[in-house]
Amino acid sequence: MKAIIASSALLLATTPALAADLVYQEPIAPEVIATPETFSWSGPYIGLQGGGSWLRGDLDGPGFNDREHFNGGILGGFVGYNYLLDNNVVLGAEGDLNYNWNEKGIGGGVDAGTDLSGSVRARVGYALDNALIYATAGWAVTRGYADVPGAGTDRATFNGYTVGAGVDYAFTQKVFGRAEYRFSDYGEKSISGIDVDPKQHTLMIGIGVKF
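So, how was this worked out
Residues numbered from 1 in each chain as written. Predicted model: local features only at pLDDT ≥ 70, side-chain atom pairs only at ≥ 80, totals over all residues. Heavy atoms only, no water. UniProt positions renumbered as here; feature names shortened; annotations may be inferred. 1 Å grid on protein atoms, 1.4 Å probe; cavity = no way out; pocket = protein on both sides within 12 Å on 5 of 7 lines; lining within 4 Å. Points joined across faces, edges and corners; volume = space filled by probe spheres on them. Helix = DSSP H or I, 4+ residues; strand = E, 2+ residues; numbered from the N terminus. Nonpolar A, V, L, I, M, F, W, Y, C, P; charged D, E, K, R; others polar. Polar contact = N/O pair within 3.5 Å; in protein donor to acceptor, adjacent residues only side chain to side chain. Contact = heavy atoms within 4.5 Å.

The name given to the chain in an unreviewed UniProt entry is Porin family protein, with the source organism recorded as Metarhizobium album. In the Subcellular location (unreviewed entry) part of its UniProt record, the chain is described as follows: "Cell outer membrane".

A. Local environment of empty space enclosed by the protein. All chains considered together, the criterion is met by two cavities of 30 Å³ or more. Taken as a whole, the largest cavity spans an internal volume of roughly 60 Å³. Those elements that place two or more of their residues in the lining of the largest cavity are β3 (89-101), β5 (111-128), β8 (175-185) and β10 (194-210). Looking at the lining of the largest cavity, its residues break down into four nonpolar, seven polar and two charged. Residue classes in the lining of the second largest cavity are distributed as three nonpolar, one polar and four charged.

B. The side chain of T142, seen in detail. By the secondary structure assignment, T142 is in strand β6 (residues 131-148). Of the polar contacts made by the side chain of T142, one reaches the backbone oxygen of L116; its length is 3.0 Å. Setting aside anything within four residues of it in sequence, one finds T142 in contact with T114, L116, S117, A156, T157, F158 and Y186.

Okay, here's the thing in structure tokens:
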């Protein structure tokens, strides 16, 4: 009888401990660490740009041979498409249209300059995270004019090529900035009997939106 009582007492003493061991404890969920979204240059984009232009015009006509510099501001827009390859090389195509303010007098009361200019170009670059370093080349066009007293305004469209380089930098997943230099050779044409051979340097900054 004493043995039975002692066993019962021991059983009663150990039951709460065993019950405590059997209580289910929900495991702690691992902490979720948010990873930043990877930026990709692939996709279409559009933007605005502006800066300075330095245009040199070689002028040749009857009794007239001169070289004039037409310098001023430039403002316009661009649109394009990029495709990012697995090795961080970016291929793309872009077009732009700009307005130039570079009119000046060239003698005899004649005012001359260029107004509209544009290009269609291929681009190839290398992406360094949010920065894209690129080179660009393609077809370029500009419209030159001469205001001649008593004869009105004569205009001609020049076609040639453009080459350059620049860098785009993404501030967000959608918005990027740009700095670009280009050289354009527009070929030779005649305006008011004068052969004109314009060549232009441009340095522009811009801001764009990627879709």
